[in-house]
Protein chains: 2
Amino acid sequence: MEEQTIRVQRCETKKEKPQDDQLSFGKIFTDHMFVMDYSEPLGWHNASIVPYQPLQIEPSAMVFHYAQSVFEGLKAYRTDNGSIELFRPEKNMERLNRSNDRLCIPPIDEEFALKAIKQLVSIDRDWVPHTEGTSLYIRPFIISTETYIGVSASTRYKFIVILSPVGAYYKEGINPVKIAVEDEYVRTVKGGTGEAKTGGNYAASLKAQELVAQTGYTQVLWLDGVEKKYIEEVGSMNVFFKINGEVITPKLNGSILSGITRSSVIELLQHWDIPVVEKRISIEELYEAYQRGELEEAFGSGTAAVISPIGELKWGDKQLIINDGKTGDISKKVYDTITGIQYGHMEDPFNWMQNIETESPVKH
Amino acid sequence: MEEQTIRVQRCETKKEKPQDDQLSFGKIFTDHMFVMDYSEPLGWHNASIVPYQPLQIEPSAMVFHYAQSVFEGLKAYRTDNGSIELFRPEKNMERLNRSNDRLCIPPIDEEFALKAIKQLVSIDRDWVPHTEGTSLYIRPFIISTETYIGVSASTRYKFIVILSPVGAYYKEGINPVKIAVEDEYVRTVKGGTGEAKTGGNYAASLKAQELVAQTGYTQVLWLDGVEKKYIEEVGSMNVFFKINGEVITPKLNGSILSGITRSSVIELLQHWDIPVVEKRISIEELYEAYQRGELEEAFGSGTAAVISPIGELKWGDKQLIINDGKTGDISKKVYDTITGIQYGHMEDPFNWMQNIETESPVKH
């Protein structure tokens, strides 16, 4: 397929931008968005950057009925030297296509999509906030738009990218959270959609999250859906435990999301010669390690927080206080390094960052 | 809460209606739709019947990202005496609220929603087709519309009802289908959303359906997600087996949808003193019954087909030909009776039908 050109229609009046210290997450959107359509036999076409605006969608559009939708989340950071950079965005595009495959959505051209994202961010570059810890959140997503309510894969889609300036996740420094092990609800199961970043996975998680929040905990720790025994994820993050000097994270088993921050953490630990292993770990094993005094640290990893230390873990009537409820050394070092690379304070030995003005896959 | 009034805005020009013999499923929609909004602190409000039209929805609306959406499906039938009737619609409203609860969507007033559906069907009554086997499909659904991409339950929703005239499912008489047992993909699992009618369940089912269609089978038979051993559903229908004179259907276990046709089949069989039991049944047990020559009939049940006889079942390399690939006596009798009641050819001993001109819950 010949590469498409991206039509650009700029907005006539720009919105007022919020102050950096008033930013939260995901409620304010920038001046422009990227939209591309899919239909047969054209394939993906009509790539456009247009003013941010409502969609006109028929009530019979499939996305409203059968949730055939996938998404990604990544961030643009303003670095110390003033450039705007993305963190491993090619990984998001790869995962988007894996999600597409699971939900019978036609694949996108990953390089072209990344080029579109860079151009969109470049046009709205004034929206990338300046304060340490802030960023411009990028939300690519695909929805099924065929006007048909039979249960089948859609023949029409929209690929859309919207941008939202977000505040610092930790306004007063990295801070541990309290997590409760979920023993009733299940996020997903092997053979399901857990590996894919589909809307349905998140809809399914709301109830457990709502119930746990009422008990004073921040997120749930998900166990596997088959035996309700093995640790999978924490909230919408991957999870790591340091036990007796070794860092353990659940092995990707078909129901765990392959997090990009997760793989970055693993690569960093390996780079530092800190023992790290991906393996199946049960909640019982974790508790036994805790009883032996060997559970030294626990943390979640994800795009939003980067690292979220776990200070307390509730499992039934058992309460595990980890590292005296404080952020552990590894958690802190990983957090400082990844954010240091993202904001350009530190060297980028892995070539993780991509300048938005540079063509992929050539990196700066 | 005081009962809302329904504002009615009729369309100025009516669409052309298709001929009954050209009707298929779910592609054509009528002149009007029902819409009601939810926001806090108002609750459900702004109930309106308006011309069928596209929705204006922000790209940041939650439904596009986290699939917080539920739906129902039921039909309006034109009966022999010219009245238009719904089949057990109060059951759909009950189930809608159970689905709402699972996905953290605020409950609807079931009686009011049913009243709205009746009024909408009444306004578009000329769209209810006349030919035997045709009907007007009713699709109530709820979508989350808050413009926020944080993972949490939405604070805004739309409840929408659209109508679509549908052709006869069996144009040349009830006809058995070929089904293949799915052993890789999983529909859902206990603790997941399988009991609820959520968009995400259907998105998750597309891949298996697409693959099975390539091998010449119509639908998949879903096994449980835990042991991949016990029979759950067939495609998007519930399933029944007649073994040695007894009709067996999988017991509702937390991952099986509580079908309204399913419960109607059970009630009918009990009424006829035909042994019927809800219990866990494994695919091995079914195969053993087949080998003993005791698997006499198999059929799916659902709103679309009412009864879908299963003539062939493929399980790995085993091929089960059921009742010589023909429609069984029980399948036929259940089908004839339910459709007979729906179209007013037969008495309705259970008071299943509700006239659209009659207030619920008072039945005709």
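Because the structure is predicted, anything quoted here is derived from the model rather than measured.

Conventions and cut-offs
- Residues numbered from 1 in each chain as written.
- Chains lettered and ligands numbered in written order.
- Predicted model: local features only at pLDDT ≥ 70, side-chain atom pairs only at ≥ 80, totals over all residues.
- Heavy atoms only, no water.
- Helix = DSSP H or I, 4+ residues; strand = E, 2+ residues; numbered from the N terminus.
- Rg over C-alpha atoms; globule rule 2.2 N^0.38 Å.
- Buried < 20%, exposed > 50% of the residue type's maximum accessible area, 1.4 Å probe, protein only.
- Contact = heavy atoms within 4.5 Å.
- Areas by Shrake-Rupley, 256 points an atom, 1.4 Å probe, with all protein chains shown as cover.
- Lys, Arg positive; Asp, Glu negative; His and termini not counted.
- Charge placed at Lys NZ, Arg CZ, Asp CG, Glu CD.
- Buried area = accessible area lost by both parts, 1.4 Å probe.
- Salt bridge = Lys/Arg side-chain N within 4 Å of Asp/Glu carboxyl O.
- Polar contact = N/O pair within 3.5 Å; in protein donor to acceptor, adjacent residues only side chain to side chain.
- Phe/Tyr/Trp six-rings, centres within 6.5 Å; stacked < 30°, edge-to-face > 60°.
- Lys NZ or Arg CZ within 6 Å of the ring centre and 35° of its normal.
- Least-squares fit on C-alpha atoms with pLDDT ≥ 70 in both.
- Core = buried A, V, L, I, M, F, W, Y, C linked by side-chain atoms within 4.5 Å.
- Arc of directions from axis to C-beta.
- Domains from an automatic or database assignment.
- Axes fitted to C-alpha atoms, helices over the stretch in contact; angles between N-to-C directions.
- Parallel < 35°, antiparallel > 145°, perpendicular 65-115°, else oblique.

1. Brief notes about the overall build of chain A
Counting its secondary structure elements, chain A contains 7 helices and 19 strands. A globule of 364 residues ought to have a C-alpha radius of gyration of about 21 Å, and chain A, at 21 Å, matches this closely. A principal-axis box enclosing the C-alpha atoms of chain A has dimensions of 60 × 50 × 35 Å. When burial is assessed residue by residue, chain A has 61% of its 364 residues classed as buried. Residue pairs in contact within chain A that sit at least 24 positions apart in sequence constitute 70% of those at least 6 positions apart. As displayed, chain A offers around 14,400 Å² of accessible surface, 45% of which is attributable to carbon and sulfur atoms. A gap of 2 Å separates the mean positions of the 39 positive and 52 negative side-chain charges of chain A.

2. Digging into the environment of Lys279(B)
Residue and element names in this part refer to chain B. Tracing the chain through its elements places Lys279 in the loop between strand E15 (276-278) and helix H6 (283-291). Spatially, the C-alpha atom of Lys279 lies 4.5 Å from that of Lys251, the residues being 28 residues apart in sequence. Those residues within four positions of Lys279 in sequence are excluded, and the remaining contacts are Glu246, Ile248, Thr249, Pro250 and Lys251.

3. Regarding the interface of chain B and chain A
If you look at the interface, chain B gives 59 residues, while chain A gives 59 residues. Interface area, chain B with chain A, both sides summed: about 5,100 Å², of which 65% is carbon and sulfur. Among the residues chain B hides against chain A, the three largest losses belong to Pro59(B), Phe64(B) and Leu206(B). Together they make up 13% of the total. At the boundary of chain B and chain A, one finds 2 salt bridges. Its salt-bridge partner being Lys207(B), residue Asp101(A) comes within 3.2 Å of it at the nearest N-O pair. Linking chain B to chain A there are 18 residue pairs in polar contact (both at pLDDT 80 or more). Where the side of chain B that touches chain A is concerned, the elements lending two or more residues are strand E4 (55-57), helix H1 (63-66), strand E5 (69-71), helix H2 (89-102), strand E8 (135-144), strand E9 (157-166) and helix H4 (199-214) of chain B. When residues in the side of chain B that touches chain A are grouped by element, the largest group, 9 residues, is from H4(B).

4. Details of the packing of aromatic side chains
Summed over all chains, the structure comprises 37 aromatic pairs over all chains. Note on Phe25(A) and Tyr137(A): the rings are 4.9 Å apart at their centroids and 70° apart in plane angle, and the pair reads as edge-to-face. Separated by 112 residues along the polypeptide, Phe25(A) in the loop between strand E1 (7-8) and strand E2 (32-39) and Tyr137(A) in strand E8 (residues 135-144) bring together distant segments of the chain. Assessed through its relative accessible area of 7%, Tyr137(A) is described here as buried. Taken together through their ring pairs, the aromatic side chains of Phe34(A), Tyr38(A), Trp44(A), Tyr157(A) and Phe159(A) make up a single cluster. Here Lys27(A) stacks its cationic end above the ring of Tyr148(B), 4.7 Å away from the centre of that ring. Positioned above the aromatic ring of Tyr217(A), the side-chain terminus of Lys178(A) is 5.2 Å from the ring centre.

5. Brief notes about the relation of the copies chain B and chain A
Expressed as a screw operation, the relation of chain B to chain A combines 0.0 Å of axial shift with a rotation of 180°, fitting to an RMSD of 0.0 Å. The transformation relating the two chain copies, once decomposed into turn and shift, fits a two-fold axis. Looking at the interface residues of chain B, 100% of them are also at the interface in chain A, so both copies use one shared face.

6. What to know about the side chain of Thr79(B)
Residues and elements named next belong to chain B. Looking at the secondary structure, you find Thr79 in the loop between strand E6 (74-78) and strand E7 (84-87). Here Thr79 falls in the buried class, since its relative accessible area comes to 10%. Of the polar contacts made by the side chain of Thr79, one reaches the side chain of Ser83; its length is 2.9 Å.

7. Thoughts on the nonpolar core
Grouped together as the largest cluster of nonpolar side chains are 74 residues, with contacts concentrated most on Phe34(A), Val121(A), Phe34(B) and Val121(B). One finds Val63(A), Val35(B), Ala61(B) and Phe64(B) within the second-largest nonpolar core, a separate group that totals 42 residues.

8. Description of H6(B)
Residues and elements named next belong to chain B. Here H6 has its buried residues at Ile283, Leu286, Tyr287 and Ala289. Along H6, the residues classed as buried sweep out an arc of 160° about the axis, all on the same side. Following H6 by one or two positions, Gly293 adopts a phi angle in the positive range, close to 80°.

9. Structural notes on the domain arrangement of chain A
Residue and element names in this part refer to chain A. Under the domain assignment used here, chain A contains domain 1 (7-171 + 351-355) and domain 2 (177-326). A straight line from the C-alpha centre of domain 1 to that of domain 2 covers 27 Å. Each side of the interface is counted separately: domain 1 has 19 residues, and domain 2 has 22 residues. Here domain 1 and domain 2 share an interface that buries about 1,700 Å² over both sides, 58% of which is from carbon and sulfur atoms. Here domain 1 is connected to domain 2 by 1 salt bridge. Here Arg88 makes a salt bridge to Glu267, at a shortest N to O gap of 3.1 Å. Summed over the shared surface of domain 1 and domain 2, the result is 11 residue pairs in polar contact (both at pLDDT 80 or more). For the side of domain 1 that touches domain 2, the secondary-structure elements that each account for two or more residues are strand E5 (69-71), strand E6 (74-78) and helix H2 (89-102). Top contributing element to the side of domain 1 that touches domain 2 by residue count: H2, with 6 residues.

10. Regarding the packing of helix H5 (residues 260-271) of chain A against helix H7 (residues 329-342) of chain A
Residue and element names in this part refer to chain A. Contact pair H5 / H7: the axes reach a minimum separation of 11 Å and the direction vectors enclose 110°. The orientation of H5 with respect to H7, classified from their angle, is roughly perpendicular. Residues Thr261, Ser264, Val265, Leu268 and Leu269 of H5 form the contact with H7, whose own contacting residues are Ile330, Val334, Thr337 and Ile338.

11. Thoughts on the side chain of Ser48(A)
Residue and element names in this part refer to chain A. Relative to the elements of secondary structure, Ser48 occurs in strand E3 (residues 43-51). Within the local environment of Ser48, its side chain forms a polar contact with the side chain of Arg7, the two groups lying 3.4 Å apart. Sequence-distant contacts of Ser48, defined by excluding residues within four places in its chain, comprise Ile6, Arg7, Met33, Phe34 and Val35.

12. Considerations on the pattern of salt bridges
Two side chains carrying opposite charge are able to pair once their charged atoms lie near each other. All names here are of chain A. The tally for this structure, following the rule as stated, stands at 22 salt bridges over all chains. When the shortest N-O distance is used, the salt bridge between Glu296 and Lys242 registers 3.2 Å. With Glu296 in strand E16 (residues 295-302) and Lys242 in strand E13 (residues 238-243), the pair connects residues that are 54 residues apart, well separated along the chain.

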